[in-house]
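Given next are the chains, with one letter for each unit.
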Amino acid sequence: MSPRKLDPQARATLLEIAARLLAVEGPRALSARRIAAEAGSSTMPLYSHFGRMDGLVREIVREGFVRMDQYLEAVTPSADAVADMCTLGRAYRRNAIVNRHLYQVMFGADTLTGFSLTDDDRQRGRYVLIHVVNCAQRCIDSGRFRRVEAETVAHQMWFATHGLVSLELGDYLMAPLDADRAFESQLEALMIGAGDQPEAAIRSVETSRRRTLLEVQGVGPQASTG
């Protein structure tokens, strides 16, 4: 008899449950029995898919970056590279909101006793930044951004966007400067800070806002099956 195939949907469900428990209740909630109970199954599928608990947490982190990559990949290059950069920021934010449990674990998984991210784990995460690096280079080549290393620009965009999104997920942003207003203002400031002219930056931010409704919003929180 051939070995029984693993159910990819069960894997995705277990990942989602584990990420939620870890992000909301902390490491103490993360046990094989608790995850199985939440999934309405035995513990066998969990061990079949992930082996030990640290294997599960590592897959949570990797799954989070897979989904982030899906959102960034959905932003297609246009004639306005600065608008593309803004849209990448919106995609990053959208992914964090839709996949908030995974997102929170991706940048704090070392709080689990006995688990810490490896250099390989971090490199997998940093790889998704290539979308922003490539776009930054296009912004520089078009003369919209000042001539500095594209990697430097990409990291500055990442630092600022990640910081705002983290505050948003923690419910720290509220009227009169709620998350939406703060994000729009930040996009303009980031583009101008990178060297763009204020009027051009404002136009590109607005262009990206309209594009986001068509591109980024349509990307669903689809789990990988690998």
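Residues numbered from 1 in each chain as written. Predicted model: local features only at pLDDT ≥ 70, side-chain atom pairs only at ≥ 80, totals over all residues. Heavy atoms only, no water.

In the nomenclature of an unreviewed UniProt entry, the chain is known as AcrR family transcriptional regulator of Kineosporia succinea.

J.: I would appreciate a short explanation of the UniProt feature "DNA-binding region" (unreviewed entry) in the chain in the present structure.
T.: UniProt annotation of "DNA-binding region" (unreviewed entry) refers to residues 31–50 when read in the numbering used here. Helix makes up 75% of residues 31–50 and strand 0%, and the two end C-alpha atoms of the span are 13 Å apart. (UniProt positions renumbered as here; feature names shortened; annotations may be inferred. Helix = DSSP H or I, 4+ residues; strand = E, 2+ residues; numbered from the N terminus.)

J.: When you look at the packing of aromatic side chains in this model, what are you seeing that I'm missing?
T.: Applying the stated rule across the entire model yields four aromatic pairs. Between F65 and F107, the ring centres sit 5.8 Å apart and the planes meet at 80°, which makes this aromatic pair edge-to-face. Pair noted here: F65 is in helix α4 (residues 53–73) and F107 is in the loop between α6 (100–106) and α7 (119–127), with a separation of 42 residues, a long-range link. Stacked on the ring of F183, the Lys or Arg R93 has its end atom at 5.0 Å from the ring centre. (Phe/Tyr/Trp six-rings, centres within 6.5 Å; stacked < 30°, edge-to-face > 60°. Lys NZ or Arg CZ within 6 Å of the ring centre and 35° of its normal.)

J.: Sorry if this is basic, but what is going on with the nonpolar core here?
T.: Generally speaking, a soluble globular protein has its nonpolar side chains buried in company with each other. Counting 59 residues, the largest nonpolar core has I35, M85, F145, M157 and M191 as its most contacted members. Beyond its immediate sequence surroundings of up to four residues, M191 is in contact with V82, M85, C86, F145, M157, D196 and A201. (Core = buried A, V, L, I, M, F, W, Y, C linked by side-chain atoms within 4.5 Å. Buried < 20%, exposed > 50% of the residue type's maximum accessible area, 1.4 Å probe, protein only. Contact = heavy atoms within 4.5 Å.)

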